[in-house]
Amino acid sequence: MPMVRRRDSIYFQLLKLLVLAGLAAGLFFLIGNWAGDALLNWYYISSDYEERKDREYADRLREYISQNQLSSKDTQELTDWVRRQRIVSLQVYRDDILIYDSEYPEQDMEAEQIEAGDYDWAVYYPVFFTDGEAQLSIYGMYSYQYYNYALIAELLLSFAVFVGIVMLGIRYKIRYIRKLGSEIGILEGGDLDYEITVSGHDELTALAKGLDDMRSSFREKVRQEAHLVEANHKMITEMSHDLRTPLTAVMLYTEILKERKIKSEDQLWEYIDKIDQKTRRMKQLTDHLFEYALVAGESKVSLEEPVPFDVVFYDLLSETCVYLEQSGFRTELDFEWKKEKIRVNTEYVIRILDNITSNLVKYADPAFPVRICSEHTENRAGIVFENVSRKLEKKTDSTNIGLENVKKMMERMNGDCRTEADETSFRTKLFFPYVSP
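Residues numbered from 1 in each chain as written. Predicted model: local features only at pLDDT ≥ 70, side-chain atom pairs only at ≥ 80, totals over all residues. Heavy atoms only, no water.

Colleague: I'd love a proper account of helix α2 (residues 49-68), names of residues and values included.
Modeller: Residues that lie three or four places apart on an α-helix share one face, since the helix turns once every 3.6 residues. Across its 20 residues, α2 extends 29 Å between first and last C-alpha, which sits within 8% of the 28 Å expected from 1.5 Å per residue. Within the sequence span of α2, burial applies to Y49, K53, D54, Y57, A58, L61, Y64 and I65. Looking straight down α2, one finds that the buried residues subtend no more than 165 degrees of arc, so they occupy a single side. Those residues of α2 hidden inside the fold are in contact with α1 (10-46), α3 (75-85), β1 (88-94), β3 (124-129), β4 (132-140) and α5 (144-188). (Helix = DSSP H or I, 4+ residues; strand = E, 2+ residues; numbered from the N terminus. Expected span 1.5 Å × (residues − 1). Buried < 20%, exposed > 50% of the residue type's maximum accessible area, 1.4 Å probe, protein only. Arc of directions from axis to C-beta. Contact = heavy atoms within 4.5 Å.)

This is how it looks when you write it as structure tokens:
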């Protein structure tokens, strides 16, 4: 699973989301608080709300004084009434002298002879005590509760903005998780060609990438297994046909011999020779089939310690050239012996060269030389066998099972086998990867 940078992790993204939501909510609160205060201030300034409330509380006080027959000296009763109202403050004047102030209820204001101030904003309401008439100045904090209500509403809305932004960010991730869940369901249904959506750079992205890589790997494995099953089926079918032909001939010749339908001793030995050829052909086919089954059944091959390329192939290729020349072929060796090391399984290498040599003897035209040369790349050493194909009078070994064995053994050694053909020539290339020092 790919590594995720710290700044791309879900934890870091969540932290950024919380900070962003907090900043947005704070900005919303500041703007809302300023707008709310400005709106309330405009309303109170442009309306007669405070004057109406003053008159209302002045009427209440007159009714209270009347019902309780209070005099201007009953300051305790006035103080109790003010405290019950909670939001008002009042001053009582007689002959422009302050005789009571609810802010200082314990003081004898009349003795201090504080005169009434001449304020344009002040409104005085007449009030009648049992000991005479007085003037009442009343004011209250009527709007404070609305400012509090506005503050609460601004806080709630700001919190809603915070939660909304956080939920939107989380919703995006949840939607991606749900999408991954639905796509996994598609894979479970058997559709391995459906690609997992890879979006972003966080842990979910790494998980999606891992799932898609697993899907690709599993699809390739299924494809290889299907190809292997198909190849095995094709090989068995073709092998059955190739075995049936010589087997039918052997049965025919043995039947002739059993019936003694021969005209001479030379004809007898001719049939025996043909039976020998067909049985050898059958043995060769069954040997190839056994070798293919053996290679296909091996799950792991043990590679030897790294050795130089020339140490592995010098003697083996020399023996191959000698054998081909004894079989009537000319060989041309054009080799550059590299000192880089490779890892092989010697038994596999011998079997590979035996298969290639066998194919050359069967299919190469002896009139033309067999060319064996090297083909090196930056990180691989290669051997190329090139021959001119012989025109065959009849079909032989149509399954190419020997070549399939070579390819499988090369794959087990982390190598590669390639074949190239044109109208006359056929080339087999073996590549072995260098081992890093």
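Colleague: Give me the lowdown on α3, citing residues and values where you can.
Modeller: Within the sequence span of α3, burial applies to L78, T79, W81, V82 and Q85. Viewed end-on, α3 has its buried residues packed into an arc of 160 degrees, placing them on one side of the element. Those residues of α3 that are exposed and aimed more than 90 degrees away from the buried face are R83 and R84. On its buried face, α3 is in contact with α2, β1, β2 (97-101), β3 and β4.

Colleague: Lay out the packing of helix α8 (residues 309-326) against helix α9 (residues 346-363) in plain terms, naming residues and giving numbers.
Modeller: How two helices pack is summed up by the angle between their axes together with the distance between the axes. Following both chains from N to C, one finds α8 and α9 inclined at 25 degrees, their axes separated by 11 Å at the closest point. In terms of orientation, α8 lies roughly parallel with respect to α9. Between α8 and α9 the crossing geometry is right-handed. Where α8 abuts α9, its residues F313, L316, L317, T320, Y323 and L324 lie against V349, I350, L353, T357, L360 and V361. (Axes fitted to C-alpha atoms, helices over the stretch in contact; angles between N-to-C directions. Parallel < 35°, antiparallel > 145°, perpendicular 65-115°, else oblique. Left-handed = near helix turned anticlockwise from the far one by under 90°.)

Colleague: Before we move on, could you go through the packing of α1 against α5 and cite the residues and values that matter?
Modeller: Where α1 meets α5, the axes come as close as 8 Å, and the angle between the chain directions of the two elements is 155 degrees. Accordingly, the angle class assigned to the pair α1 and α5 is roughly antiparallel. Judged by the twist between their axes, the crossing of α1 over α5 is right-handed. Within the contact of α1 with α5, the residues separate by chemical class into 20 nonpolar, 8 polar and 3 charged. (Nonpolar A, V, L, I, M, F, W, Y, C, P; charged D, E, K, R; others polar.)

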